[in-house]
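What follows is the residue order along each chain.
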Amino acid sequence: MVELLHNIQGAIQTDGYEAYSIYEQKKGVLLLGCCAHARRKFEESLVEDKAGAEYALAQIGKLYQVETMATEKGMSDK
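Residues numbered from 1 in each chain as written. Predicted model: local features only at pLDDT ≥ 70, side-chain atom pairs only at ≥ 80, totals over all residues. Heavy atoms only, no water.

With respect to the overall build of the protein
- Scanning the protein for helices and strands turns up three helices and two strands.
- Listing the helices and strands of the protein from first to last along the sequence gives α-β-β-α-α.
- Against the compact-globule benchmark of 12 Å for 78 residues, the protein has a radius of gyration of 16 Å, which places it well outside the compact range.
- In terms of its C-alpha atoms, the protein occupies a principal-axis envelope of roughly 40 × 40 × 20 Å.
- In the protein, which comprises 78 residues, the share counted as buried stands at 13%. (Helix = DSSP H or I, 4+ residues; strand = E, 2+ residues; numbered from the N terminus. Rg over C-alpha atoms; globule rule 2.2 N^0.38 Å. Buried < 20%, exposed > 50% of the residue type's maximum accessible area, 1.4 Å probe, protein only.)

Okay, here's the thing in structure tokens:
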């Protein structure tokens, strides 16, 4: 994978797999996480910080609502 992406510039969205951490400090690269994976971590943290985790999950839910609305309206990022 490293050879394939060695000249990459721009945003890379990953699932948080450790192999992609080499791009965290690379100039010209913005490493983005996956919302589904982040959501899971907030679900796991409900036991430790219920209020904070519920707030984060609600915000992620709003993003999913926007995505659903855009899909239903046939919107595109292009």
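That covers the picture; the talk isn't over yet.
Quick word on the pattern of salt bridges
- One pass over the structure, following the stated rule, counts three salt bridges.
- Where Glu43 meets Arg39, a salt bridge forms, and the shortest distance between an N and an O atom there is 2.1 Å. Taken as a pair, Glu43 and Arg39 lie in helix α2 (residues 35–44) at a separation of four residues, close to a single helical turn.
- By relative accessible area, Glu43 is classed as partly exposed at 36%.
- With relative accessibility at 29%, the residue Arg39 sits in the partly exposed group.
- Between Glu44 and Lys41 there is a salt bridge, and its shortest N-O distance comes to 3.8 Å. Of this pair, Glu44 and Lys41 both sit in helix α2, separated by three residues, roughly a single helical turn.
- By relative accessible area, Glu44 is classed as exposed at 52%. (Salt bridge = Lys/Arg side-chain N within 4 Å of Asp/Glu carboxyl O.)

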